[in-house]
Amino acid sequence: MKYKRQNMILGIIKQKEINTQKDLQEELEKSGFRVTQATLSRDIKELMLIKQPSENGYRYSARETKTTETDGIAIMPGGIVSIVCAMHTIVIKTLPGVASAAAAVIDSANEPRILGTVAGDDTVLVICRTPEKAEECLERIKRIF
């Protein structure tokens with residue numbers, strides 16, 4: 001549920017100008033996600049959302065993800081424990097509580113070789129189209145983080 005909610009948050013802030021947690025909470029409720037302010041605050045922290053200037057003050061925004069090593073470190077310093085490839089699947093081990101944010105970063109990269117991600121508390125499974133594509137994605141994911 002957390003992973004779906006966090007993906008919904010990323011979708012909402014991409015589509016709409018969200019200025020406050022209350023605005024975000026209302027949009028989530030319209031989408032069927034009932035959350036408390038404390039849960040929403042944790043999601044914002046885990047997703048590492050930032051506030052950027054807008055026409056109406058400040059709005060929530062996701063950090064831009066790039067494919068350089070220093071950008072990956074800025075996104076999740078020390079949060080990744082290991083990244084390995086097994087056939088068409090990449091397994092990313094993280095510190096506890098970091099997997100959802102790591103999956104959100106991968107999803108936001110819109111990598112066409114990736115079919116999808118599944119996140120637990122400390123593990124992300126990245127499903128790739130083929131074993132060959134998984135090897136290519138492994139290198140890109142390592143650069144991101």
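Just above, that's the structure.
Within every chain, residues take consecutive numbers counted from 1 along the sequence as written. Given that this is a predicted model, residues contribute local features only at a pLDDT of at least 70 and side-chain atom pairs are listed and counted only at 80 or more, while totals for whole chains, interfaces and linings are drawn from all residues. Hydrogens are left out, water is left out, and the side-chain values use all remaining heavy atoms of the structure.

For the overall build of the protein, give the residues involved together with the corresponding values.
Within the protein one finds six helices and six strands. Put simply, the protein runs from its N terminus to its C terminus through helices and strands in the order α-α-α-β-β-α-β-β-α-β-β-α. Contacts between residues were defined by any pair of non-hydrogen atoms, one from each residue, lying within 4.5 Å. For the protein, the proportion of contacts with a sequence separation of at least 24, taken over those separated by at least 6, is 57%. Where accessible areas are quoted, they stem from the Shrake-Rupley method and a 1.4 Å probe; at the residue level, only the protein chains shown are allowed to cover. Counting every atom, the protein has about 8,000 Å² of accessible surface; 53% of that belongs to carbon and sulfur. Helical segments are the DSSP runs of H or I of at least four residues, strand segments are the runs of E of at least two, and each set is numbered from the N terminus.

Can you explain the packing of helix H1 (residues 2–15) against helix H2 (residues 21–30)? Please cite residues and give values.
Geometry is summarised by axes, namely lines fitted to C-alpha atoms with helices restricted to the contacting stretch, and by angles between N-to-C directions that run from 0 to 180 degrees. Between H1 and H2, the least distance of the axes is 10 Å, while the angle of their chain directions is 115 degrees. Taken together, the axis directions place H1 and H2 in an arrangement best described as roughly perpendicular. Considering the relative orientation of H1 and H2, their crossing is right-handed. Note on element contacts: H2 touches H1 through Leu24, Glu27 and Leu28, opposite Arg5, Met8, Ile9, Ile12 and Ile13. The residue classification treats Ala, Val, Leu, Ile, Met, Phe, Trp, Tyr, Cys and Pro as nonpolar and Asp, Glu, Lys and Arg as charged. All others, Gly included, are polar. Residue composition of the contact of H1 with H2, by class: six nonpolar, no polar and two charged. Note that the term roughly parallel is reserved for angles under 35 degrees, roughly antiparallel for angles over 145, roughly perpendicular for angles of 65 to 115, and oblique for everything else. In a left-handed crossing the near helix is turned counterclockwise from the far helix by less than a right angle, and in a right-handed crossing that turn is clockwise.

Can you tell me about the pairing of strand E1 (residues 50–54), naming the residues and giving the values?
Two strands pair when backbone bridges link them, and E1 and strand E2 (residues 57–61) are joined in this way by five bridges, in the antiparallel orientation. Following the sheet pairing, Pro53 is matched in E2 by Tyr58. Between E1 and the antiparallel strand that follows it, E2, lie two residues. When DSSP finds two or more bridges between a pair of strands, those strands are recorded as paired.

Account for unusual backbone geometry, with residues named and values stated.
Not every positive phi belongs to a glycine, and Met87 is a case in point at roughly 60 degrees. When you line up the elements, Met87 lands in the loop between strand E3 (80–86) and strand E4 (89–94). Per-residue accessibility, obtained with a 1.4 Å probe over protein chains only, is compared with the maximum for each type, and a residue is labelled buried under 20%, exposed over 50%, and partly exposed between these values. Residue class for Met87 comes out exposed when judged on its relative accessible area of 62%. Backbone geometry places Asn110, a non-glycine residue, at a positive phi of 50 degrees. By secondary structure assignment, the location of Asn110 is in the loop between helix H5 (99–108) and strand E5 (114–119). Judged by relative accessible area, which is 60%, Asn110 ranks as exposed.

I'd like a rundown of the packing of H2 against helix H3 (residues 37–46), residues and numbers included.
Relative orientation of the contacting elements H2 and H3 amounts to 100 degrees, with a least axis distance of 11 Å. When the interaxial angle is binned, H2 and H3 end up roughly perpendicular. Contact residues: Gln21, Leu24, Gln25 and Leu28 in H2; Gln37, Leu40, Ser41 and Ile44 in H3. Here the contact of H2 with H3 is built from residues that sort into four nonpolar, four polar and no charged.

Provide a residue-level description of the sheet that holds E3, including the pertinent values.
Think of a sheet as strands paired side by side through backbone hydrogen bonds, with each pair either parallel or antiparallel. What the four strands build is an open sheet, ordered E3-E4-E6-E5; its pairing is antiparallel. Each of the sheet's edge strands pairs with one partner strand only, and the pair in question is E3 and E5. In this sheet, neighbouring strand axes are inclined to one another by 15 degrees on average, regardless of whether the strands run parallel or antiparallel. Direction of pairing for E4 relative to strand E6 (residues 123–128): antiparallel, over a ladder of five bridges. Looking at the pairing, Ile90 lines up with Val126 of E6. Helix H6 (residues 131–144) contacts E3, E4, E5 and E6 of the sheet and is inclined by roughly 165 degrees relative to E3.

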